[in-house]
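Architecture at a glance
Okay, here's what each chain looks like letter by letter:
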Amino acid sequence: MNFLRGVMGGQSAGPQHTEAETIQKLCDRVASSTLLDDRRNAVRALKSLSKKYRLEVGIQAMEHLIHVLQTDRSDSEIIGYALDTLYNIISNDEEEEVEENSTRQSEDLGSQFTEIFIKQQENVTLLLSLLEEFDFHVRWPGVKLLTSLLKQLGPQVQQIILVSPMGVSRLMDLLADSREVIRNDGVLLLQALTRSNGAIQKIVAFENAFERLLDIITEEGNSDGGIVVEDCLILLQNLLKNNNSNQNFFKEGSYIQRMKPWFEVGDENSGWSAQKVTNLHLMLQLVRVLVSPNNPPGATSSCQKAMFQCGLLQQLCTILMATGVPADILTETINTVSEVIRGCQVNQDYFASVNAPSNPPRPAIVVLLMSMVNERQPFVLRCAVLYCFQCFLYKNQKGQGEIVSTLLPSTIDATGNSVSAGQLLCGGLFSTDSLSNWCAAVALAHALQENATQKEQLLRVQLATSIGNPPVSLLQQCTNILSQGDKIDRRGSKIQTRVGLLMLLCTWLSNCPIAVTHFLHNSANVPFLTGQIAENLGEEEQLVQGLCALLLGISIYFNDNSLESYMKEKLKQLIEKRIGKENFIEKLGFISKHELYSRASQKPQPNFPSPEYMIFDHEFTKLVKELEGVITKAIYKSSEEDKKEEEVKKTLEQHDSIVTHYKNMIREQDLQLEELKQQISTLKCQNEQLQTAVTQQVSQIQQHKDQYNLLKVQLGKDNQHQVSYSDGAQMNGIQPEEVGRLREEIEELKSNQELLQSQLAEKDSFIENLKSSQPSPGTNEQSSATASARDSEQIAELKQELATLKSQLNSQSSEITKLQTEKQELLQKTEAFAKSVPVPGESETVIATKTTDVEGRLSALLQETKELKNEIKALSEERTAIKEQLDSSNSTIAILQNEKNKLEVDIADSKKEQDDLLVLLADQDQKIFSLKNKLKELGHPVEEEDELESGDQDDEDDEDEDDGKEQGHI
């Protein structure tokens, strides 16, 4: 500051001239001084002058300040001063400027300096690089300067940052700064950066912005937090609003579940600070952004389901029914719940089950409707309740039926202890408050929207007008009130009640000939409508005239001519005589030309600045757009054209019903064919599995053959041992007859083994025959029957052979047991003989030696006999297993053959039915072709639908021919 005083002390000219020279000298000092301290002091002096003399400092010093940022990055202090000075030059946040003119000049000045700064894109890139510095005196002024640049010329600065390498990523690091001042200003910077730029919004979202912002909101205390929470919520709205990609990313990242704690506010009457109200308001708006009707239907539906599954909808309903909630929060909560349940059946069913905490408990819908028809409630709250009721009934036929059922005589509570939704709507419809009349009429119209069943049910509703008078229908009462006009003293708009009733009647009668007949049955209705349309009234009444014309046009277009006095032709003649067709069409056009019509057609939500603007309903504008053209055509059509059209319509309807019937039959047969094809594929798979099993069995049998050959070789060796042993036994005094008999039995066992081997070979050949004779899917019925007979004969032979094999195995087993017994007896005799018969002439030592030798041979014979027995036992078990596998194979083959026979019978029946249907369809097509020629001769335009249907039929015939069904001759 001493340097500044020295520069300014010698000036004697005027103040502005002195300050300009001072600024010039400081700029020269910044540009020419070689000492860093001198440059730092000069920049600090420029900073102190920049707020008061913004224009002068900006013009003279900006270039030098940018040069300082480029060259003196090593000194954080001078960089901080330079950034602060640039911020003061560019920013418009000056408390001194209060007057409007000075504020405008300041804004223009800031925009001009911003344009100068960003003219060189390197300046913005330089500023982004400075934000990487951790020093507080550099990063914080840099954040403020970049925020100011974005506020002044946002789109241009956004584009520079977008093309800058890692530009957005550097700014995202600010959210992780431990210093709250920088973090909070970083949130403000990202708010300005993401405003109206979808590309940057996507980059910021994929840089983990949702996670960081939700963490900050949680750390700050959710809805009880301060202005930081508000800034984070605004940034979240910028990222999500009208950005389908970010909305999907938010849902897929399970961030909707983290929103539930925001709305845990309880029932306290205290603690609703202004900041909390603001925060909660923004949180509710953020929920609405995710489920807005303007979003793609699929994205909205998935978000609605996620909100129900995580309990967010339940939490919102808790706030809805809580006490002590501020009015604006309650209103926004109702609007939020409305859009969360709109068009989502699960959420609508849950909302229908919500009860208010009263005694006795009342449904939430009833409590809300009580507020809607209560004229003492705030206007915005009544609009919100109407929107909630509309959203509850949107694409909800179940809810529509429940509302209409509360008006029917069989469901009305005779005791009067509880008030139903239908009673509240009727009360509002016939009250003296015009706003209640309009809201109740629109709400009741939504209960009938696109639901012909409920339109017919509502005709049953009877109302008791006064004691002693008979009840009248709801339709009659509506027309009575409509005809009274302004005779009844009502509070509010003059035309609001009539507009509401006319919208209700138009919705009720559209697409419902029965309701049209009931309406025309009252002889006073048509004269009233024609009288209203024919009068020349003021601009305010022109809308009523247009709605009366629409109602009369609906009565003509949807008239089924069941009343002779009000047939279509007679009504058109009446219009031509009393009104004139051109005048009628002109009055009909008053609706869509009304200034409030286009406003109501933009959004589903009834959002009006005041009750006087509440004229049109969004769904009703869709109905007008749909019916205006067709009613105009119907008015200009002659009676002959109507008759011809009716006849053609009836004929076409009959033919359409016949064609539809046959189409349904063909569709059913196609389904049956698909099922049969699936069964064939299943049987093919089973066949392949069986073939695999047979292959495995063949391999196992081969293994058994190898084992058997090995056993046969071993038995040959055993026979040689037996011969040598018998000779030894004879030499040792064993009876030769017994040994010979044992040898014969072993030979018999060997022959049995060879017989079994031959039987196994026969089984192998039989299995091969089964594999080769397996039926293919394309064989005809004769070959199938022959194969079936051959298979049954082979199966019978197989069973007989298996029985023979089983008996042979049993006999062999008994022989082996007998042989073992005889061997045991022979051994015992041999041992006894060896002990009891001494050999004369030999010494006791020689006798003992021979005895030991005989015992050794006997033990060897016993061991070999035991091994032979074990091998024979193992072979017997393996053969038993083979027999079981063959039995299983035979049963599976029999089942498969039966299923194949059934399938072939079904296919033959289907072919016969298909041939009959194709003959019928060919006749039908010929009839339709002749009718179409008649229509062309009469001059009636024929749509291409019939040709498309015949083309579809040809396509189906082609597909049937490709499937191998012989239908080409049709």
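Residues numbered from 1 in each chain as written. Predicted model: local features only at pLDDT ≥ 70, side-chain atom pairs only at ≥ 80, totals over all residues. Heavy atoms only, no water.

**Some remarks on the overall build of the protein**
For the protein, the count of helices and strands is 41 helices and four strands. For the protein, buried positions account for 45% of its 970 residues. Accessible surface, the protein: about 49300 Å² in total, of which carbon and sulfur atoms supply 51%. (Helix = DSSP H or I, 4+ residues; strand = E, 2+ residues; numbered from the N terminus. Buried < 20%, exposed > 50% of the residue type's maximum accessible area, 1.4 Å probe, protein only. Areas by Shrake-Rupley, 256 points an atom, 1.4 Å probe, with all protein chains shown as cover.)

**What about helix 8 (residues 136-152)?**
With 17 residues, helix 8 extends 24 Å from end C-alpha to end C-alpha; this agrees with the ideal 24 Å at 1.5 Å per step. Of all the 17 residues making up helix 8, 13 are buried; the element is thus mostly covered by neighbouring parts of the structure. Measuring from the backbone nitrogen of His 137 back to the side-chain oxygen at the start of helix 8 gives 2.8 Å, which picks out Asp 135 as the cap. (Expected span 1.5 Å × (residues − 1). Polar contact = N/O pair within 3.5 Å; in protein donor to acceptor, adjacent residues only side chain to side chain.)

**Comments concerning the packing of aromatic side chains**
Taken as a whole and assessed by the stated rule, the structure comprises twelve aromatic pairs. With 5.8 Å between their ring centres and 55° between their planes, Phe 210 and Tyr 255 make a pair best called tilted. With a gap of 45 residues between them, Phe 210 in helix 13 (residues 209-219) and Tyr 255 in the loop between helix 15 (244-252) and helix 16 (274-290) connect regions that are remote in the sequence. Judged by its relative accessible area of 0%, Phe 210 falls in the buried class. Considering the side-chain rings of Trp 262 and Phe 263, the 6.5 Å spacing of their centres and the 55° angle between planes classify their relative orientation as tilted. (Phe/Tyr/Trp six-rings, centres within 6.5 Å; stacked < 30°, edge-to-face > 60°.)

**Re the pattern of salt bridges**
According to the stated counting rule, one finds 21 salt bridges in the structure shown. With a shortest N-O distance of 3.0 Å, Arg 179 and Asp 177 are connected by a salt bridge. For Asp 177, a relative accessible area of 6% translates into the label buried. A salt bridge links Lys 398 to Asp 349, with the nearest nitrogen and oxygen atoms 4.0 Å apart. (Salt bridge = Lys/Arg side-chain N within 4 Å of Asp/Glu carboxyl O.)

**Focus on the packing of helix 30 (residues 525-534) against helix 32 (residues 568-578)**
For the pair helix 30 and helix 32, interaxial distance at closest approach is 10 Å and the crossing angle is 35°. In the crossing of helix 30 with helix 32, the sense of the turn from one axis to the other is right-handed. Between helix 30 and helix 32, the contacting residues are Val 526, Thr 530 and Ala 534 on the first element and Leu 571, Leu 574 and Arg 578 on the second. For the contact of helix 30 with helix 32, a count of residues per class yields four nonpolar, one polar and one charged. (Axes fitted to C-alpha atoms, helices over the stretch in contact; angles between N-to-C directions. Left-handed = near helix turned anticlockwise from the far one by under 90°. Contact = heavy atoms within 4.5 Å. Nonpolar A, V, L, I, M, F, W, Y, C, P; charged D, E, K, R; others polar.)

**Quick word on a negative patch on the surface**
Together, Asp 906, Asp 909, Glu 913 and Asp 916 give the surface a local cluster of negative charge. On the secondary structure map, Asp 909 appears in helix 40 (residues 844-938). For Asp 909, a relative accessible area of 37% puts it in the partly exposed group. (Patch = residues over 30% accessible without salt bridge, like charges linked within 9 Å, V, L, I, M, F, W, Y side chains within 5 Å. Lys, Arg positive; Asp, Glu negative; His and termini not counted. Charge placed at Lys NZ, Arg CZ, Asp CG, Glu CD.)

**Describing the environment of Gln 201**
Within the element layout of this structure, Gln 201 appears in helix 12 (residues 198-206). For Gln 201, a relative accessible area of 6% puts it in the buried group. For Gln 201 and Leu 236, which are 35 residues apart along the polypeptide, the C-alpha to C-alpha distance reads 9.8 Å. With residues near it in sequence (within four places) discarded, Gln 201 still touches Thr 194, Ser 196, Asn 238, Leu 239, Asn 243 and Asn 246.

**Quick notes on helix 32**
Of all the residues in helix 32, the buried ones are Lys 568, Leu 571, Lys 572 and Ile 575. For helix 32, the buried positions fall inside an angular range of 100° around the axis, keeping them on one side. Projecting away from the buried face of helix 32 at angles above 90 degrees are the exposed residues Lys 577 and Arg 578. Among the residues trailing helix 32, Gly 580 stands out with phi positive, at a value near 95°. (Arc of directions from axis to C-beta.)

**Looking at the confidence of the model for the protein**
Taken as a whole, the protein shows an average pLDDT of 82; of its residues, 77% reach a score of 70 or greater. Low pLDDT, under 50, characterises residues 833-844; the stretch is placed with seven contacts to residues that sit more than four places away or in other chains. (pLDDT = per-residue confidence, 0-100.)

**Brief notes about the packing of helix 3 (residues 36-50) against helix 4 (residues 54-71)**
The N-to-C vectors of helix 3 and helix 4 enclose an angle of 145°; their axes lie 10 Å apart at closest approach. When you trace helix 3 past helix 4, the crossing you get is left-handed. Together, Val 43, Leu 46, Leu 49 and Ser 50 of helix 3 and Arg 54, Val 57, Ala 61, Leu 65 and Val 68 of helix 4 make up the contact between the two elements. Tallied by class, the residues present in the contact of helix 3 with helix 4 amount to seven nonpolar, one polar and one charged.

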